[in-house]
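Notes for the structure review
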Amino acid sequence: MSHLKKELKTSNMLLDWYKTNKRALPWRESSDPYIIWISEIILQQTRVAQGMDYFYRFTERFPDVASLASAEEDEVLKYWQGLGYYSRARNLHAAAKSIMDKFGGVFPSEYKDVLSLKGIGEYTAAAIVSFVWNKPYPVVDGNVFRVLSRLYAVDTPIDTTSGKKQFTELAGIVMNPEKAGAHNQAVMEFGALQCVPQNPDCEACPLKECCMAYASHTVQSFPVKQNKTKTRPRYFHYLYIIYKGQTWLSRRGKKDIWEGLYEFPLIETEQPADFAALQETDAFRHLFDGAGKLNVSVDIPEIKHVLSHQVLHTAFYRVEIEKISDALNSYLAVPYKDIERYAVPRLVHIYLEKLNGNLSE
DNA sequence: AACCCGGGGAA
DNA sequence: TTCCCAGGGTT
């Protein structure tokens with residue numbers, strides 16, 4: 001654990017830069033581990049601007065561990081609606097219950113205890129214990145990968161096991177253990193504002209003198225990544241079924257996107273299908289067997305919804321029925337005025353907004 | 001080690 | 001379009 005002179009100087013320069021350049025963010029006003037925890041989970045793979053309103057709403061409704069633990073999972077998901085990566089919300093809820101049961105309702109301060117909570121990995125555990133208690137655990141997030149890979153011209157791919165291990169070790173060497181909390185935040189803020197992914201302004205960088213990538217004019221080639229993501233198309237057909245002021249929803253299950261969120265009855269096809277083709281599917285026949293005559297309307301055109309690894313080609317059909325089919329009894333009957341009470345995927349929310357827009361015109 | 005999980009902003 | 005964001009869990 002050698003803390004060399006050069007690293008100490010680097011850390012001090014980052015701390016100086018941070019002092020004058022850090023953004024005023026609401027969670028930086030708090031030393032409550034609960035507040036820090038919520039902010040860290042929201043900010044996973046999420047930009048500050050995108051998560052800000054969610055942070056305010058969430059911490060107002062659930063101001064502490066006890067209030068979160070005693071809530072219904074559906075309500076927690078509702079406060080997460082639209083933010084994505086919904087396992088974060090489910091894990092937050094489960095972890096809050098775990099803190100009540102195993103830690104007497106007091107947020108744990110031991111690294112290993114924090115790490116044991118659902119949804120908290122090495123990064124988030126290090127962030128919480130260093131920010132709140134100044135414990136010497138280095139954070140390694142996307143910013144740290146970028147800053148360190150450039151400073152030391154490390155070309156090990158960051159998305160590999162050995163890469164993560166190597167950068168974690170390097171982060172520990174660069175960190176000043178006596179100022180762990182401030183240092184960790186300084187590196188990340190530096191990565192977010194100065195050492196940015198595309199076209200960083202290296203001439204204005206206070207660390208350009210000691211940056212190996214800058215010296216060799218290879219800043220843009222860091223960090224190195226290995227895996228390339230591939231997307232697959234999917235074809236969704238939602239049935240917004242209307243009967244006497246009510247509609248039907250279902251709760252999505254495990255091993256697919258949007259676990260725990262609600263949606264209209266869904267038929268997925270392997271290939272693109274128009275309504276004529278959809279009517280010929282077994283799923284469609286089963287769903288409406290015994291529903292009488294169908295009055296189908298297409299209020300909005302197909303929506304292309306892009307996720308990280310999937311492109312959803314989605315059609316919505318509004319279907320008025322004459323009788324309740326047997327198949328519908330396995331769904332949740334809901335007065336359609338109450339749909340907004342349920343957490344739905346962004347895609348479904350978009351549809352409902354457009355539909356309301358059309359109706360009010 | 002490979003794969004899965006959302007949504008949005010910036011270039 | 002492409003990249004990537006205060007990552008983590010499952011298999």
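A brief structural summary. Source: prediction; values computed, not measured.

At their nearest, the axes of helix 2 (residues 33–42) and helix 6 (residues 87–102) sit 11 Å apart, and the two run at 155 degrees to each other. With respect to their mutual orientation, helix 2 and helix 6 come out roughly antiparallel. Considering the relative orientation of helix 2 and helix 6, their crossing is right-handed. Listed contacts from helix 6 to Trp37, Ile38, Ile41 and Ile42 of helix 2 are Arg88, Leu92, Ala95, Ala96 and Ile99. Class assignment for the residues of the contact of helix 2 with helix 6 results in eight nonpolar, no polar and one charged.

A few words now on the pairing of strand 4 (residues 266–269). What you see with strand 4 is a clean split: Ile267 and Thr269 sit on the buried side and Leu266 and Glu268 on the side with no burial. Relative to strand 4, strand 1 (residues 232–242) runs antiparallel, the two sharing four bridges. Paired with Tyr235 across the bridge in strand 4 is Thr269.

Time to look at unusual backbone geometry. Looking along the chain, the bond that leaves Phe222 and enters Pro223 is cis, with omega of -5 degrees. Mapped onto the secondary structure, Pro223 falls in the loop between helix 12 (212–215) and strand 1. Here the phi dihedral of His217 falls at roughly 55 degrees; this positive angle occurs in a residue that is not glycine. Here His217 is to be found in the loop between helix 12 and strand 1. Positive phi, normally seen in glycine, also occurs at Lys255, with a value near 65 degrees. When its relative accessible area of 84% is taken as the criterion, Lys255 is described as exposed.

There is about 1800 Å³ of room inside the largest pocket. In terms of lining residues, the largest pocket is bounded by 49 residues, among which Leu43, Asp141, Gly142, Asn143 and Met188 are the most central. Sorting the residues of the lining of the largest pocket by element identifies helix 2, helix 3 (48–61), helix 8 (122–133), helix 9 (142–151), helix 10 (161–174) and helix 11 (180–193) as the ones contributing at least two each. Residues of the lining of the largest pocket, tallied by class, amount to 24 nonpolar, 13 polar and 12 charged. Reported here for the second largest pocket is a volume of approximately 660 Å³. If you go around the second largest pocket, you meet 24 residues; those closest to its centre are Gly84, Tyr85, Trp258, Leu307 and Ser308. When contributions to the lining of the second largest pocket are tallied by element, the ones reaching two or more residues are helix 6, strand 6 (303–306) and helix 15 (346–359). The element that contributes the greatest number of residues to the lining of the second largest pocket is helix 6, accounting for three residues.

Summed over the entire model, instances satisfying the criterion amount to zero disulfides. Of all cysteine sulfurs in the structure, the one in Cys205 sits closest to Cys195, which takes part in no disulfide; the separation is 6.5 Å. The thiol of Cys210 is not disulfide-bonded; the next cysteine sulfur, from Cys211, is found 7.2 Å away.

What follows concerns the nonpolar core. In this structure, Trp37, Leu68 and Phe264 are the most contacted members of the largest nonpolar core, which totals 94 residues. Shared between two domains, this core takes at least three residues from each, and those domains are domain 1 (1–221) and domain 2 (232–356). Beyond its immediate stretch of four places on either side in the chain, Leu68 contacts Tyr34, Trp37, Ile38, Phe58, Phe62, Val76, Leu92, His93 and Ala96. Grouped together as the second largest cluster of nonpolar side chains are 17 residues, Tyr243, Ala315, Tyr317 and Ile321 included.

For the rest of this paragraph, the subject is the protein's contact with DNA strand C. Near DNA strand C you find 25 residues, and of these Glu40, Gly119, Gly121, Thr124 and Arg146 are the closest. For DNA strand C, the fraction of atoms within 4 Å of the protein that belong to sugar or phosphate moieties is 63%. Between a base nitrogen of DNA strand C and a side-chain N or O atom of Trp27, the distance comes to 3.4 Å. Taking Asp141, its side chain carries an N or O atom lying 3.1 Å from a sugar or linking oxygen of DNA strand C.

Near DNA strand B, the surroundings consist of 21 residues, among which Thr161, Ile257, Trp258, His305 and Ser308 are the closest. What you see for DNA strand B is that sugar and phosphate hold 58% of its atoms within 4 Å of the protein. Contacts to DNA strand B include Tyr86, whose side-chain N or O atom sits 3.0 Å from a phosphate oxygen. Contacts to DNA strand B include Arg346, whose side-chain N or O atom sits 2.9 Å from a phosphate oxygen. Among the residues forming the surface near DNA strand B, the class breakdown is six nonpolar, 11 polar and four charged.

Definitions and cut-offs
- Residues numbered from 1 in each chain as written.
- Chains lettered and ligands numbered in written order.
- Predicted model: local features only at pLDDT ≥ 70, side-chain atom pairs only at ≥ 80, totals over all residues.
- Heavy atoms only, no water.
- Axes fitted to C-alpha atoms, helices over the stretch in contact; angles between N-to-C directions.
- Helix = DSSP H or I, 4+ residues; strand = E, 2+ residues; numbered from the N terminus.
- Parallel < 35°, antiparallel > 145°, perpendicular 65-115°, else oblique.
- Left-handed = near helix turned anticlockwise from the far one by under 90°.
- Contact = heavy atoms within 4.5 Å.
- Nonpolar A, V, L, I, M, F, W, Y, C, P; charged D, E, K, R; others polar.
- Buried < 20%, exposed > 50% of the residue type's maximum accessible area, 1.4 Å probe, protein only.
- Pairing = 2+ DSSP bridges.
- 1 Å grid on protein atoms, 1.4 Å probe; cavity = no way out; pocket = protein on both sides within 12 Å on 5 of 7 lines; lining within 4 Å.
- Points joined across faces, edges and corners; volume = space filled by probe spheres on them.
- Disulfide = S-S within 2.5 Å.
- Core = buried A, V, L, I, M, F, W, Y, C linked by side-chain atoms within 4.5 Å.
- Domains from an automatic or database assignment.
- Near = heavy atom within 4 Å.
- Polar contact = N/O pair within 3.5 Å; in protein donor to acceptor, adjacent residues only side chain to side chain.

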